[in-house]
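Examination of the molecular architecture
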Amino acid sequence: MRTWVSWIVVAPFAGWAAVRLSGFEPDWPWVPVVAYTPYAVCAAVVTVLLACLLRRWAAGTVALVSVLALTPAVLPRALADGNPAAHGPVLRVLAANLLVGRADTADLMALVTTRQPDVLTLQEFTPGAMRRLESAGLRKVLPYAVTRPLPGVGGSAVYARYPLTAGETIKYGGFGQARAWIRHPDGIRVEIVSVHPCAPKRIGRQPCWQAGLAALPRAGKELRVLAGDFNATLDHLPVRELLANGYRDAADVMGRGFVPTWPQEGSNQNLPGVTIDHVLADSRMAVRDFEVLQLEHTDHRPVFAELRLP
């Protein structure tokens, strides 16, 4: 009986480690489940202790191997990284999901006032939300904008302190991801993407989610910042591919990669928190600061990053 118990608790985490590290990402329900990998590591440690208490050394060894395999994938998120030698101007980026436009306008304007972003990316940006924000004076603070408002969850926008040139919106499954080029007064040009692919919360949504992430511009000669609701953590393969391509996650760089951004409130608020909102910056940029903030009447917490351009 003790042998069966030990293997029943150890085997799921051994399988989790094998799939997470394989470079293969199965369909639903794995896609939403893998977001909880940091919790799985903690649970796997408990299985090591349980197997040892039951004196089942084979199961204990497998559990220990699972922990040792997963730890390097998640532990660095709590450790601050170094930065490249960037000596250019500072670019402050704020990103917020508005929950179908319901987020508190006064709260968001207060964040804009206190954090003084040069760039604001918005997701689930509705026509009503645009009217309320611009009536509250958003265009006075951030006068340049590329707005793609839509009813429902598919709208997005980029507001900025400096001139913007609109790029081609990324559209999959009714989700629009606004793109814009900002020109800093120092002459440096940076592409900004308001990220929001489909949420893979039910079966059949993975192709749309994958396509929305795969369509994000890769790092290259031009400087880019991807900011918003990725509906993915650093344990999802598409995000890991973006990082391998030449981006860095601002939260990870600052050692704050475990701070959850969802769910803040709403129908899913009883779920454990996960980090699905990000600021990914070109690896040539230095990350000077990162914060996860509060915003009323939305299920996501906004994220703020201060970057130094090369």
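Described below are features of the structure shown in this document. This is a predicted model, so every value here is computed, not measured.

**Examining the side chain of serine 156**
Among the structural elements, serine 156 can be located in strand β4 (residues 156-160). Exposure remark for serine 156: the relative accessible area of 0% places this residue in the buried category. Of note is the side chain of serine 156, whose polar atom sits 2.9 Å from the backbone oxygen of glycine 176. At 2.8 Å, the side chain of serine 156 forms a polar contact with the backbone nitrogen of alanine 178. Dropping the residues within four chain positions of it, serine 156 is found in contact with Leu122, Phe125, Thr147, Arg148, Pro149, Gly176, Gln177, Ala178 and Ser194.

**Observations concerning the sheet that holds strand β9 (residues 189-195)**
Ordered by their spatial adjacency, 6 strands build an open sheet running β5-β8-β9-β10-β12-β11, and the pairing between neighbours is mixed. Single-partner strands in this sheet number two, and they are β5 (164-166) and β11 (247-249). Between one strand axis and the next, the sheet turns through 25° on average, direction left out of account.

**Comments concerning the state of the cysteines**
Tallied over the entire structure, the rule returns 1 disulfide. Distance from the sulfur of cysteine 42, which forms no disulfide, to the nearest cysteine sulfur (cysteine 52) is 17 Å. In this structure cysteine 52 comes out as partly exposed when scored by relative accessible area, which is 34%.

About the thresholds
Residues numbered from 1 in each chain as written. Predicted model: local features only at pLDDT ≥ 70, side-chain atom pairs only at ≥ 80, totals over all residues. Heavy atoms only, no water. Helix = DSSP H or I, 4+ residues; strand = E, 2+ residues; numbered from the N terminus. Buried < 20%, exposed > 50% of the residue type's maximum accessible area, 1.4 Å probe, protein only. Polar contact = N/O pair within 3.5 Å; in protein donor to acceptor, adjacent residues only side chain to side chain. Contact = heavy atoms within 4.5 Å. Pairing = 2+ DSSP bridges. Axes fitted to C-alpha atoms, helices over the stretch in contact; angles between N-to-C directions. Disulfide = S-S within 2.5 Å.

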